[in-house]
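Coordinates in review
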Amino acid sequence: MPELPEVETIVQQLNKHIVGKRIQSAQVLEQKRVDKSIEKAVPSTVVRAWRRAKAIIMELEKKKYLLVRLGMTGHFHYAPKPESLGKDEKFAGVKFYLQDGSVLSYTDIRKFGSVRVLNEARLQKELAQFGPEPLGKEFTATKFKEMLAKKPKANIKVTLMDQNFIAGIGNIYAQEALYHAGIDPKRKIGTLKVPEIQKLHQAIQQVLRQSIAHNGTTVKNYVHIEGSGGFQKYLTVYEKTHCPQKHLITKVRMGGRGTYYCSRCQK
Ligand SMILES: [Zn+2]
């Protein structure tokens, strides 16, 4: 599932290809997960696009907002001409036809994602549930320590994936950050020492930034608008058999999710 770096990559590309352009018409093809009323929200220029947690927000004119959640397999295709869209277009949930003749389509084969059109109040309500952005200025090591101090009994890995606690981190980056911080994912938060928390804070920001620089991680089906991610080459434990130090990786299930770690590098 796309996490912060993957969604950030897509947002950067939406800024490059779509923002400032005018959507002439929209065609909703899948009404369970995509609001039919999007068709009536256009024509409109796309004023801006940004990311909050794992959600994409595109602002239209008159304070209307498209809120896109990619779910497991949601992705966009952008083509200068409608004919050049890819072959999975028969699964498209919505197509946006731009004034310059190009087309942006949203496709979600497994249908866990959604595209909603919201007014400002409803958008704010949707976004208010998320914890701080891990790459935001407010997310300092001190702040992280304070946040963790409220949950001494909780498990560190499960908590890192809790979107209300901290936004945008999922199964891949929680595991990668814990490896770089040398912390066993089975630890309870209350057992973490201050230097470990500082190291984890740094590791979270580092793996997210590095992954964004490589356009995210493609392990199963994530694609951004211009192709696949490149950070999978730099993964240390996620779906690996050996860590970078050549130790054997252990796999356990935590909160229903496969969790990989090195019992020698992570204590
Ligand atoms: Zn190791």
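Being a predicted model, the structure only gives us computed values, none of them experimental.

**Brief notes about the domain arrangement of the chain**
Structurally, the chain comprises domain 1 (4-128) and domain 2 (141-261). Between domain 1 and domain 2, the C-alpha centre-to-centre distance is 28 Å. Taken together, the contacts link 19 residues of domain 1 with 18 residues of domain 2. For the pair domain 1 and domain 2, the summed buried surface comes to about 1600 Å²; carbon and sulfur atoms form 62% of the total. Sorting the residues of domain 1 by area buried against domain 2 places Pro5, Glu6 and Gln13 first, and these three jointly supply 33% of that buried surface. Remark: the boundary between domain 1 and domain 2 carries one salt bridge. For Glu226, the salt bridge identified is with Lys16, shortest N-O distance 2.8 Å. Here domain 1 and domain 2 share seven residue pairs in polar contact (both at pLDDT 80 or more) between them. Here the element with the most residues in the side of domain 1 that touches domain 2 is helix H1 (residues 4-17); it accounts for 11 residues. Of the residues belonging to the side of domain 1 that touches domain 2, the class tally is eight nonpolar, six polar and five charged.

**Brief notes about the coordination of the zinc ion**
Within the first shell, the zinc ion binds the protein through Cys243 (SG), His247 (ND1), Cys262 (SG) and Cys265 (SG), at distances of 2.2 to 2.3 Å. Seen from the zinc ion, its four donor atoms lie at angles of 100 to 120°, and the figure they make is tetrahedral. For Cys265, a relative accessible area of 22% gives the class partly exposed.

**Remarks on a nonpolar patch on the surface**
Together, Met1, Met72 and Phe112 make up a nonpolar patch on the protein surface, roughly 290 Å² of accessible area in all. Structurally, Met1 is set in the segment before H1. The class for Met1 is partly exposed, based on a relative accessible area of 45%.

Reading the values: the criteria
Residues numbered from 1 in each chain as written. Predicted model: local features only at pLDDT ≥ 70, side-chain atom pairs only at ≥ 80, totals over all residues. Heavy atoms only, no water. Domains from an automatic or database assignment. Contact = heavy atoms within 4.5 Å. Buried area = accessible area lost by both parts, 1.4 Å probe. Salt bridge = Lys/Arg side-chain N within 4 Å of Asp/Glu carboxyl O. Polar contact = N/O pair within 3.5 Å; in protein donor to acceptor, adjacent residues only side chain to side chain. Helix = DSSP H or I, 4+ residues; strand = E, 2+ residues; numbered from the N terminus. Nonpolar A, V, L, I, M, F, W, Y, C, P; charged D, E, K, R; others polar. Donors = N, O, S within 2.8 Å, 3.2 Å for Na, K, Ca; no water. Tetrahedral: all angles 85-135°; square planar, octahedral: opposite > 155°, others 65-115°. Buried < 20%, exposed > 50% of the residue type's maximum accessible area, 1.4 Å probe, protein only. Patch = residues over 30% accessible without salt bridge, like charges linked within 9 Å, V, L, I, M, F, W, Y side chains within 5 Å. Areas by Shrake-Rupley, 256 points an atom, 1.4 Å probe, with all protein chains shown as cover.

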